[in-house]
Structures are given as structure tokens and as C-alpha cells.
Amino acid sequence: MEKKKVVVAMSGGVDSSLTAALLVEQGYDVIGITMRLSEESRDFDCNDRGCCSLASVDDARRVAETIGIPHYTVNFKEAFQKDVIDYFLADYAKGWTPNPCIACNRYMKFGLLLDKTLELGAEFLATGHYARIEQEENGRFVLKKGVDTHKDQSYALYHLNQKTLRHFLLPLGGMTKVHTRELAEKFNLPVAHKPDSQEICFVPHDDYKAFLRDKNPSCLKPGNIVDREGKVLGRHDGVPLYTIGQRKGLGIAAPEPLYVTHLDMKNNQVIVGGANDVYAGGLIAGDLNWIAFDEFTEPCRYAAKIRYGKNESMANLALREDGHLQVIFDEPQRAVTPGQSVVFYDGDTVVGGGVIEEACRPVR
């Protein structure tokens, strides 16, 4: 019987490396591919841990040699610039906080790399994400959380759909990170103890403020820091240099702690308030994608997660006439941030998600 061909997206890290090793052991015909994404990919750092740097390409190649599979690199730099870096800069320029890892998953892995996989005649594309894909009795594919609650990455995969889910394999979804490291040692993978990368791969030294000053200085204009009544309390060097919920670095002396509650690019103001003012009772989301069903029709209730690593909160969902989604939380949520994603869950199953465009109903 002919082996099923699978492409593994190899970043040079332990997760994708073990993914490739496991699939070889399971009898697949495995091809390793590493994406070259950006000239900014921290090749300047000899201790580089980025996912798309030259050092990571070398690590992926060494792993491929160890487990005996072919390895190739593909150049997606032009698309990465347009769909990830330019989007990153544009979101900050409008006072939002982007999520470049979700954009990379959506356009690079789920898009271009999946297309390349199918062009090569492979049936599947595999990644090292901690999430699970299952097929229900009715044939529908569902995305579920990884069993390791500390590493679950289903939040970043909500853009998958029925067309793409059937072609993805996530071998690590049922494992813990500790088990991943142990198996990587047993396979003698040269990256078994390589630290995980936590930084944005194209931002040098993870300093997004310096990156904005270098790449888009026109979006950084000095202005006022004001309270909710419009009283000037201080000055800022550019609205995009601040984040919702931020407390430190405001340079304001006040009897009570102050937090950033809103970024107003139109009036070039950073608005601050007390601890309660950082909470919102709901949000408006756009750019929606649904996995559990084809179309959102009736108001419903699901658990909502407003950022990676945060616990979910039950919420009421309703579609507005303009096609945007209105979300009202049972309990107010802290630092609801435009530009981040809100993802909805039914137990362990990802229902879908969208991009937060506005926090609403602030709690006073």
C-alpha cells in the first residue's frame, strides 16, 4: 500500500520537529518544509529563537537529516510582508493591537503553505500546534482544545474551516509539553531542549515600539493623555505606543492608580481611568469565521476568550444588521482590546471567532 504523503511545517522548534518524527514513525511519507518569511527574522541575534530565521532553518534541516526525510525551504517573504507585517503596522496606526501570529497562521500556514502542500500531491499538512481535529458522524470536522490546558493553541486556529480542516494533522493535540520533550529526547532530536520562542519573529529584540518608530514613524504623533472627562493629565509620544489596560509608563502622578482605557487615534489622545474603567461588559467583532456551523443565524450563548492565555467567560452572541457580532459578557472583562481576536467555545470545541473592533458598555 502506498504511503500517504504529508508535509510538515518545520519551524526548527521542538514541537514541529517531533510532529515530523511521529508521522514518520506512523508510516507517512513525510516532507519537511520551512517557510522563509522575513528579512527581519532576528538573524541579527546569535541566540536566535525565532520561527523563521536562518538559524531555525538550519535546525529544521538537522532534524530532517536525523529522522531521514527530505527538507525544503519556501520563500513567502513578499506575501508575509503584505499580509502580516503591513497588517501589523496598519493596525497599530489605527490604535488597535494586532495579533501577527494569528495572521501568519491564517495566510501563511492555512493559505500559502497548504496550497503548496496540495501542489506537491500531499494529502495533509501537519503542524506542531497543541489542538485537536476530529470528524463527527455527520462528516463535519471540528476543532478542539489541546489536552494540555497550559499549551492549548486552539485560540490561534479559529480561522480554519471545513475546506482546510480536512487537510490538517495536529499530532501533538493529545499530548502535554512535558511528554513532547520526553519523546523528542527518545527520538534523539537535536532540538529536544531548544527553548520555545515567545517573541514576534520579525520584530528585533521584541521591541515593537522601536519597530514602529523605524517602520512607520508617521503614526507616532505627540499628544495629550486625558481622563474620561477630557482633562489633560499628561503627554504621550504616540498613541500606538500604549495598550489597553496599561498602568506603568504613563508618567502621571495621581492619588489612585490610572490605566489606559481607550486609544483615540482620531483626536490623538490616550484616555485613562481607574481600575473599574478598564472593564467592559461587551464588544463588537467583525471578520467572523465559524467552524461549528456554516452560518450564524440565531442569538446564542457560548464561552468567549478575548486573548490567548485568558480564561473564557460566558457571553450572549447576536448578529447585528451590519453583519458584525455583538457579544455581551455575563461578567465584565478586563482590557477588551480592538485588534485582538475573540474566540468562542462550546466546551472543548471551537465554535468560531472574529476580530474585536470595539469594547462596549464600560462598567463605572
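Position labels on residues start from 1 in each chain and follow its written sequence. Totals for whole chains, interfaces and linings use every residue, but because this is a predicted model, local features are given only for residues with pLDDT of at least 70 and side-chain atom pairs only at 80 or more, for both listing and counting. Remark: hydrogens and water are excluded; side-chain values derive from all non-hydrogen atoms of the structure.

Another point: helix α3 (residues 77–93). Bending is quantified residue by residue as the angle between axes fitted to the seven-residue window ending at that residue and the seven-residue window starting at it. Comment: elements are numbered from the N terminus, with helices defined as DSSP H or I runs of at least four residues and strands as E runs of at least two. At Tyr 87, α3 is bent by approximately 30 degrees, the largest bend along its length. Exposed residues in this analysis have more than 50% of their type's maximum accessible area, buried residues have under 20%, and partly exposed residues fall in between, with area computed by a 1.4 Å probe over protein chains only. Taken together, the buried positions of α3 are occupied by Ala 79, Phe 80, Asp 83, Val 84, Ile 85, Phe 88, Leu 89, Asp 91 and Tyr 92. Buried residues along α3 sit against α4 (100–119) and α7 (208–215). Positive backbone phi, at 85 degrees, marks Gly 95, one or two positions downstream of α3. Residue contacts are defined here by distance: any two heavy atoms, one from each residue, within 4.5 Å place the two residues in contact.

Formed by 65 residues in total, the largest nonpolar core has its most connected members in Phe 80, Phe 88, Leu 143 and Phe 202. For our purposes a nonpolar core is just a set of buried Ala, Val, Leu, Ile, Met, Phe, Trp, Tyr and Cys residues, chained together by side-chain atoms within 4.5 Å. Counting residues in hydrophobic clusters, the runner-up holds 26 residues, among them Val 14, Ala 21, Ala 126 and Met 175.

Simply put, an axis is a line fit to the C-alpha atoms, just over the touching stretch for a helix, and the angle between two N-to-C directions goes from 0 to 180 degrees. Packing of helix α1 (residues 14–25) against helix α6 (residues 177–186) brings their axes to within 10 Å, and their N-to-C directions diverge by 60 degrees. Judged by the angle between their axes, α1 and α6 are oblique. The interaxial crossing formed by α1 with α6 has left-handed handedness. Every residue of α6 that contacts α1 at Val 14, Asp 15, Leu 18 and Leu 22 is listed here: Lys 177, Thr 180, Arg 181, Leu 183 and Ala 184. Under the scheme applied, nonpolar residues are Ala, Val, Leu, Ile, Met, Phe, Trp, Tyr, Cys and Pro; charged residues are Asp, Glu, Lys and Arg; polar residues are all the others, including Gly. Taken together, the residues of the contact of α1 with α6 sort by class into five nonpolar, one polar and three charged. Should an angle fall under 35 degrees it is taken as roughly parallel, and over 145 as roughly antiparallel, whereas 65 to 115 is taken as roughly perpendicular and any remaining angle as oblique. Handedness of a helix crossing follows the sense of rotation of the near helix relative to the far helix, less than a right angle counterclockwise being left-handed and clockwise being right-handed.

Take the sheet that holds strand β1 (residues 5–9) next. The strand order across the open sheet formed by five strands is β3-β2-β1-β4-β7, and the pairing between neighbours is parallel. Single-partner strands in this sheet number two, and they are β3 (71–75) and β7 (168–169). Both strand β4 (residues 124–126) and β7 contribute to a ladder of two bridges, which runs parallel. Note that in β7 the partner of Ala 126 across the bridge is Leu 169. Paired strands are those between which DSSP finds at least two bridges.

Before going further, it helps to spend a moment on the side chain of Gln 246. Following the sequence through the fold, Gln 246 ends up in the loop between β9 (232–236) and β10 (259–264). By relative accessible area, which is 15% here, Gln 246 ends up buried. In this structure Gln 246 touches Leu 241, Leu 258, Tyr 259 and Val 260, once residues within four positions along its chain are discounted.

For the rest of this paragraph, the subject is the pairing of β9. Of the pairings in the sheet, the one linking strand β8 (residues 223–226) to β9 comprises four bridges and is antiparallel in character. Bridged to Gly 223 within β9 is His 236. Count of turn residues in the β8/β9 antiparallel hairpin: five residues, of which Gly 230 carries a positive phi of about 95 degrees.

Attention now moves to the pattern of salt bridges. Any carboxyl oxygen of Asp or Glu that lies within 4 Å of a side-chain nitrogen of Lys or Arg is treated as forming a salt bridge with it. Under the criterion given, the structure shown has 21 salt bridges. Across the pair Arg 62 and Asp 59 runs a salt bridge, and its minimum N-O distance is 2.8 Å. Here Arg 62 pairs with Asp 59, and both are found in helix α2 (residues 54–67), just three residues apart, close to one helical turn. Take Arg 62: its relative accessible area is 39%, and that puts it in the partly exposed class. Note that Lys 144 is salt-bridged to Glu 134, the shortest N-O span being 3.2 Å. Of the two residues, Lys 144 sits in strand β6 (residues 141–145) while Glu 134 sits in strand β5 (residues 131–135), which places them 10 residues apart along the sequence. Assessed through its relative accessible area of 30%, Glu 134 is described here as partly exposed. Within this structure, Asp 15, Lys 151, Lys 177, Arg 181 and Asp 196 form a network of salt bridges that share partners.

Moving on: the environment of Leu 22. Looking at the element boundaries, Leu 22 is found in helix α1. In this structure Leu 22 comes out as buried when scored by relative accessible area, which is 6%. On a C-alpha basis, the gap between Leu 22 and Lys 3 in space is 15 Å, while along the polypeptide they are 19 residues apart.

A word on the packing of α3 against α4. For the pair α3 and α4, interaxial distance at closest approach is 9 Å and the crossing angle is 160 degrees. It follows that α3 is roughly antiparallel to α4 by the angle criterion. Here α3 runs over α4; the crossing is right-handed. Contact residues: α3 offers Ala 79, Phe 80, Asp 83, Val 84, Tyr 87 and Phe 88, while α4 offers Pro 100, Ala 103, Cys 104, Tyr 107, Met 108 and Leu 112. When grouped by side-chain class, the residues that make up the contact of α3 with α4 number 11 nonpolar, no polar and one charged.

The score called pLDDT rates the predictor's confidence residue by residue, from a low of 0 to a high of 100. Residues with a pLDDT of 70 or more make up 94% of the chain, whose mean pLDDT is 93. Taken together, the stretch residues 41–49 has pLDDT below 50 and engages in 30 contacts with residues farther than four places along the chain or on a different chain.

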